[in-house]
Amino acid sequence: MSLSIEEVAAAGAAWVWMPEDAEVVADGLCTILRLPAYYPFRLSVVAFAPGEPLAGSVDAVLARARGLGLPVLDWQVLIGDPAGLEGELVARGGRLKIDLEILAADLSGGAPVLRPPVVATELRWAVDGATARDGAAVEVTGFGGGLPPAARIEETAARGAREVPAGRGGRLVAYLDGEPAGVGGVRVVDGVARLTGGVVVPARRGCGVYRALLAARLEYAVAHGARMALVKGNPRTSGPILRRAGFTGYGREPVYVLPLG
């Protein structure tokens, strides 16, 4: 089975990132998240359903965001969004933060067989506090921000302990020589494996750690009923690895940052 752009767009639109500790501001026009201070960004548009005209809808979202008291807003343009949205964001002072791409792979025939890493790599699910803390530390190294509070890390571990064996997914942490080297998440929802947060610490890149995390997550997803894998990746870093693993690009999903002053 080959995946159509309509299937991928629908799966991407259904994927709304919403951490448990986020403040959610939602109406019929948009969903905005206000995030705790340890995240690398504080305010984000995660859903947008514009009316006509598009310019007025964008202005209404920005007005809503200004009321949340933070200086900047992240806004990701999805492949299903109106064609003129990028231009409207740029016209309001938006600048490109990261030019992500949505990639998908057909898993109906099983998980792809990937080349093993060039160094011995141990993978652990973050189902205990120590492993969850190691994964969070790798994310800080790769993405910025700060470590979550200890209570939040323990909550993440407890959720993983429930959901990994239930087939809903979790976070995998990679270790080289006993030290955390990479992390990547997976959520299995309605037959779609949503791959999140894949990153390797700079000193350990080029060793196949990301590939090992990818292979393990895809195998887990297939074992728990996933027929499609979906990821929003950086075409300059993870993109080439994903394409070699059988993923296909379906369009850009750039993130813009807008001033709210």
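Structure shown above.
In what follows, the accompanying structure is described. Since the model is a prediction, treat every value here as computed from it, not as a measurement.

Thresholds applied
Residues numbered from 1 in each chain as written. Predicted model: local features only at pLDDT ≥ 70, side-chain atom pairs only at ≥ 80, totals over all residues. Heavy atoms only, no water. Core = buried A, V, L, I, M, F, W, Y, C linked by side-chain atoms within 4.5 Å. Buried < 20%, exposed > 50% of the residue type's maximum accessible area, 1.4 Å probe, protein only. Helix = DSSP H or I, 4+ residues; strand = E, 2+ residues; numbered from the N terminus. Contact = heavy atoms within 4.5 Å. Salt bridge = Lys/Arg side-chain N within 4 Å of Asp/Glu carboxyl O. Expected span 1.5 Å × (residues − 1).

1. Side note on the nonpolar core
Logical step 1: Counting 40 residues, the largest nonpolar core has Leu195, Val209, Leu214, Leu218, Ala229, Leu242 and Phe247 as the members making the most contacts within it.
Logical step 2: Among the secondary structure elements, those contributing two or more residues to this core are strand E6 (101-106), helix H4 (129-143), helix H5 (150-166), strand E8 (169-176), strand E9 (179-189), strand E10 (192-200), helix H6 (209-223) and strand E11 (228-233).
Logical step 3: For this core, the leading source of residues is H6, giving 9 residues.
Logical step 4: Among residues more than four places away in sequence, those in contact with Leu214 are Leu114, Leu195, Leu242, Ala245 and Phe247.

2. Let's talk about the pattern of salt bridges
Logical step 1: By the definition in use, this model includes 17 salt bridges.
Logical step 2: Note that Arg252 and Asp99 form a salt bridge whose closest N and O atoms lie 3.0 Å from each other. Highlighted residues: Arg252 in strand E12 (residues 248-252) and Asp99 in the loop between strand E5 (95-98) and E6, separated in sequence by 153 residues.
Logical step 3: Overall, the relative accessible area of 22% leaves Asp99 in the partly exposed class.
Logical step 4: Through salt bridges with shared partners, one network takes in Glu20, Asp21, Arg152, Glu155 and Arg159.

3. Digging into H6
Logical step 1: Helix length check: H6, at 15 residues, gives a terminal C-alpha distance of 21 Å against a target of 21 Å (1.5 Å per residue), a fit within 8%.
Logical step 2: Judged by how many residues are buried, H6 sits mostly within the fold: 12 of 15 residues are covered.
Logical step 3: Taken together, the buried positions of H6 are occupied by Val209, Tyr210, Arg211, Ala212, Leu213, Leu214, Ala215, Ala216, Arg217, Leu218, Tyr220 and Ala221.
Logical step 4: Just downstream of H6 lies Gly225, where phi reads positive at about 95°.

4. A closer look at the environment of Ala215
Logical step 1: Within the secondary structure layout, Ala215 lies in helix H6.
Logical step 2: Here the alpha-carbon distance between Ala215 and Leu62, two residues 153 residues apart in the chain, equals 40 Å.

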